[in-house]
Amino acid sequence: MTSIDFGSYEIRCAFRDRTDVKCLSLRTERSEYAILPSQDTYRSTLSDQHISYADCDDSIVVFGSRASKVRWLSRIPCAPLFSDGMVPTDDAPARQILNILTKAMLPTRAGDLRECWFTSPGGSSSTNIEFLSRLIRMHGFVPHHCNSGEAVMLSAGSDNQFTGISIVMGAETCQISITRYGIDLASETLHVGGNWIDTELAKQFRIQVWDDNGACYLDLNEVRDWKHDPERHLRNAVDEKERVLARLYGVVLDQIARTVKSLLRTVSVIPAMKGLRLNVVCAGGPVQVNGFSSGLTERFVDNDIADRIVSIRIAPDPSTAVVRGLLIQGELHRRREGERKVAWKTTAPVSRLASGATADFCKATPESEKGRAAWGSAPR
């Protein structure tokens, strides 16, 4: 079983280690590529640094995590593989690179379990899902799309019986889901994320970089490095730059809170939750900034839904919470399919089948502590 989280900032792939099934293997690549002039001096430098590259239309292309290693060779910012959270339709190199990275990250020895659960950066965008499904299928795996919010609840919601609100804040989008016992009841995708905050901050404070020809670009890498410094805190700003950061986060958090309020009033949520107070779990790179939880609490108060919330917490290892949840979803699906096959072949009473399935279902978490840490947990 394999899972891939196609993110606008990073692509992550997780699968069981064939030598020790209690452990997971995780592969990560940046969702970007760098373009260098097609010159022998650049090729020689890349070869000396053992950095692989590709030749493309009179240019040298370095992609994935290797792209960050060549910033000193070119001041031009890396190009995204997902433009505004979408698979580009007019960027042939980006589409080819996505194919190469997908092939490289998928396990080559998956045995008979060649199923892949994935999530796309554009939420439920049919264009993204169709393209990424095709890539996965081309390399011998059966694709299954899953909501990123549902995946986070599976990987980090065992303490809450896999019931509550999950918020996944990515580079280009925010996914908000309300889940009951691991099943998604209602969800919404906001087309705003960490990149919007970084871009606005770079514009307001003119955080820029110039290439050799004098062209000016926003330096988002410098903004990210500054933003994730442990000294930054959304609630304890010490200068104007930090106050602007807090205000920009506030804009996004207010949209998230209003979306949660709207989802709580949907016809699919009202009868299922019956006014229950819910726990909130947050995942994604941008949620790791200090003060995120308290800032979101304040927005819930402003939108008069604080009485529906028990607590707000950041998921363990929030950057990998989605890909771990996808793997759990895939393995639970395999268990259900196996139980259906057994049910068709047996003549045991229905009551015995139900009790046996429940007992087996509860064994989804590996026994070792190392295995539990990697696996997350599975709903009872």
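Structure: see above.
Residues numbered from 1 in each chain as written. Predicted model: local features only at pLDDT ≥ 70, side-chain atom pairs only at ≥ 80, totals over all residues. Heavy atoms only, no water.

Overview of the overall build of the protein chain
The cut-off we apply is this: Secondary structure elements are defined from DSSP: runs of H or I of at least 4 residues count as helices, runs of E of at least 2 residues count as strands, and each element is numbered from the N terminus. Buried, partly exposed and exposed residues are distinguished by accessible area as a fraction of the type maximum, computed with a 1.4 Å probe on protein chains only: under 20%, between the cut-offs, and over 50%, respectively. The contact criterion used throughout is that any non-hydrogen atoms of two residues lie within 4.5 Å. Residue exposure ignores everything except the shown protein chains as possible cover, and the areas themselves are Shrake-Rupley values with a 1.4 Å probe.
The helix and strand tally for the protein chain stands at twelve helices and 16 strands. Burial status across the protein chain gives 49% buried among its 380 residues. For the protein chain, contacts bridging at least 24 residues in sequence account for 64% of all contacts bridging at least 6. Summing over all exposed atoms, the protein chain offers an accessible surface of approximately 18,600 Å²; the carbon and sulfur share of this is 49%.

Focus: the sheet that holds strand 5 (residues 54-56)
What counts here: DSSP calls a pair of strands paired once it identifies at least 2 bridges connecting them. Axes here refer to lines fitted to C-alpha atoms; in helices the fit is confined to the stretch in contact. Angles between the N-to-C directions go from 0 to 180 degrees.
The four strands are arranged 5-6-4-7 in an open sheet whose pairing can be described as antiparallel. Strands with a single pairing partner mark the edges of an open sheet, and in this sheet they are strand 5 and strand 7 (79-80). Pairing geometry for strand 4 (residues 32-37) and strand 7, over two bridges, is antiparallel. Within strand 7, the residue paired with tyrosine 33 across the bridge is alanine 79. Those strands touched by helix 1 (residues 40-48) are strand 4, strand 5 and strand 6 (59-63), and its axis lies near 25 degrees from that of strand 6.

Observations regarding the sheet that holds strand 16 (residues 309-314)
Across the sheet, which stays open at both edges, the five strands sit in the order 12-11-10-15-16 with mixed pairing between neighbours. Lying at the two open borders of the sheet, with one neighbouring strand each, are strand 12 (183-190) and strand 16. When strand polarity is set aside, the average angle formed by the axes of neighbouring strands in this sheet is 15 degrees. As paired strands, strand 15 (residues 278-283) and strand 16 are joined by five bridges and run parallel to one another. Considered in strand 16, the bridge of leucine 278 is made with isoleucine 309. Contacts between helix 7 (residues 240-264) and the sheet are confined to strand 10 (164-169), strand 11 (174-180), strand 12 and strand 15, with strand 11 contributing the most and set at about 30 degrees to the helix. On the sheet, helix 9 (residues 292-302) packs against strand 10, strand 15 and strand 16 and is oriented at approximately 150 degrees with respect to strand 16.

Let's talk about the nonpolar core
Nonpolar side chains in soluble globular proteins tend to end up buried together. To keep things clear, this is the line we draw: For this analysis, a nonpolar core means a set of buried residues of the types Ala, Val, Leu, Ile, Met, Phe, Trp, Tyr and Cys, connected via side-chain atoms within 4.5 Å.
By size, the foremost hydrophobic cluster in this structure holds 40 residues, and its most contacted members are Ile165, Ile176, Ile256, Val280, Phe292, Leu296 and Phe300. Residue contacts for phenylalanine 292: discarding those within four places in its chain leaves Met169, Leu234, Tyr249, Leu253, Cys282, Pro286, Val287 and Ile314. In this structure, Ile4, Leu101, Leu106 and Leu135 belong to the second largest nonpolar core, which totals 24 residues.

As for the side chain of serine 177
To keep things clear, this is the line we draw: What qualifies as a polar contact is a pair of N or O atoms within 3.5 Å, subject to a donor-acceptor requirement within protein and to the restriction that residues adjacent in sequence count only when both atoms come from side chains.
Tracing the chain through its elements places serine 177 in strand 11. A residue is classified by how much of its surface remains accessible, and serine 177, at 0% relative accessible area, is buried. Within the structure, serine 177 has its side chain in polar contact with the side chain of asparagine 147 (distance 3.2 Å). Excluding residues that lie within four positions of it along the chain, serine 177 makes contacts with Asn147, Gly149, Glu150, Gly164, Ile165, Ser166, Asp184, Ala186 and Ser187.

Section: unusual backbone geometry
Phi at tyrosine 181 is positive, roughly 50 degrees, even though this residue is not glycine. With respect to the helices and strands, the residue tyrosine 181 is situated in the loop between strand 11 and strand 12. Residue tyrosine 181 is classed as partly exposed on the basis of its relative accessible area, which comes to 44%. The backbone of aspartate 304 sits at a positive phi, close to 60 degrees, despite the residue not being glycine. Looking at the element boundaries, aspartate 304 is found in the loop between helix 9 and strand 16. Given a relative accessible area of 62%, aspartate 304 falls into the exposed group.

Let's talk about helix 4 (residues 148-156)
It helps to recall that an α-helix has 3.6 residues per turn; residues three or four apart then point in one direction. Across the nine residues that make up helix 4, a large majority, nine, are buried. Within the sequence span of helix 4, burial applies to Ser148, Gly149, Glu150, Ala151, Val152, Met153, Leu154, Ser155 and Ala156. The backbone nitrogen of glycine 149 lies 2.6 Å from a side-chain oxygen of the residue at the head of helix 4, namely asparagine 147.

Observations concerning the environment of leucine 101
Note that leucine 101 resides in helix 2 (residues 92-105). Counting along the chain gives 70 residues from leucine 101 to serine 31, while the straight-line C-alpha distance between them is 9.4 Å.

Focus: the side chain of serine 133
Positionally, serine 133 belongs in helix 3 (residues 126-138). Contacts of serine 133, omitting those with residues within four sequence positions, involve Phe118 and Pro143.

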